[in-house]
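Residue-level listing of the chains:
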Amino acid sequence: MKKIIRTVFLVMAIALAVYALVACGISNNPKKAKEALEDKQYTVETIIGDNDLDAQAELDSMSDEMHITAGDLVAMLAAYKGGTDDMAQDFIYIYYFKDGSVANKFWDANKKEIEDLGATEYKDVEGFEIKKQGSVVYFGTKQAISDAM
């Protein structure tokens, strides 16, 4: 009986750990991220290729400079809140890829540019982060990243 109880507790602990890891981070659904940010008064702009040929064509037009194949980028989101005309107080940019292997390909092919982005263009932004999670690559302020979750 003790062995069964220990096994059940172990399975429950593993399930809770997996749930906690999945629950953390940016949603891989751009519509959910958009809603979460709009609920927190961000101005949000999206390009979602979902059955929209014009939107997907716009995403595909960026493929070459991103070192990916047309169709690999499925959505983009940009959001900002507060600040001045020159710089928003909080902002986030999210790139949604077809799958994790495409996100890895993008991350690896653009590693230098990604690192330079944080070291040059956004060096004075407090709490600036760049991350890759599954099929999503995002960068912005810590607060905006938290608000998008």
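Residues numbered from 1 in each chain as written. Predicted model: local features only at pLDDT ≥ 70, side-chain atom pairs only at ≥ 80, totals over all residues. Heavy atoms only, no water.

So, the layout of surface pockets: which residues are in play, and what are the values?
Taken as a whole, the largest pocket spans an internal volume of roughly 370 Å³. In terms of lining residues, the largest pocket is bounded by 14 residues, among which Tyr95, Phe106, Glu113, Leu117 and Phe139 are the most central. Secondary structure elements with two or more residues in the lining of the largest pocket: helix 4 (63-66), helix 6 (111-121) and strand 5 (136-141). Looking at the lining of the largest pocket element by element, the count peaks at 4 residues for helix 6. (1 Å grid on protein atoms, 1.4 Å probe; cavity = no way out; pocket = protein on both sides within 12 Å on 5 of 7 lines; lining within 4 Å. Points joined across faces, edges and corners; volume = space filled by probe spheres on them. Helix = DSSP H or I, 4+ residues; strand = E, 2+ residues; numbered from the N terminus.)

How would you summarise the packing of aromatic side chains if you had to cite specific residues and measurements?
Applying the stated criterion across every chain yields a total of 10 aromatic pairs. When the centroid spacing of 5.0 Å and the interplanar angle of 25° are considered together, the rings of Tyr93 and Phe139 count as stacked. Here Tyr93 is found in strand 3 (residues 90-97), whereas its partner Phe139 is found in strand 5, with 46 residues between them in sequence. Residue Tyr93 is classed as partly exposed on the basis of its relative accessible area of 31%. Given a relative accessible area of 9%, Phe139 falls into the buried group. (Phe/Tyr/Trp six-rings, centres within 6.5 Å; stacked < 30°, edge-to-face > 60°. Buried < 20%, exposed > 50% of the residue type's maximum accessible area, 1.4 Å probe, protein only.)

Please provide a residue-by-residue account of the nonpolar core, values included.
Core analysis: the biggest nonpolar cluster contains 22 residues, and Met66, Ile68, Leu73, Phe91, Tyr95, Phe97 and Phe106 have the highest contact counts within it. Every element with two or more residues in this core is listed here: helix 3 (53-60), strand 2 (73-81), strand 3, helix 5 (100-109) and strand 5. In terms of nonpolar packing, the next biggest core, distinct from the first, is built from 17 residues, Ile48, Ala79, Val136 and Tyr138 among them. (Core = buried A, V, L, I, M, F, W, Y, C linked by side-chain atoms within 4.5 Å.)

Could you give me a rundown of the pairing of strand 4 (residues 128-133), with the residues and numbers involved?
Where strand 4 lies against strand 5, 6 bridges are found, and the strand directions are antiparallel. Each residue of the ladder has a partner; that of Lys131, found in strand 5, is Tyr138. Between strand 4 and strand 5, which follow one another and run antiparallel, lie 2 residues, and Gly134 among them has a positive phi close to 60°. (Pairing = 2+ DSSP bridges.)

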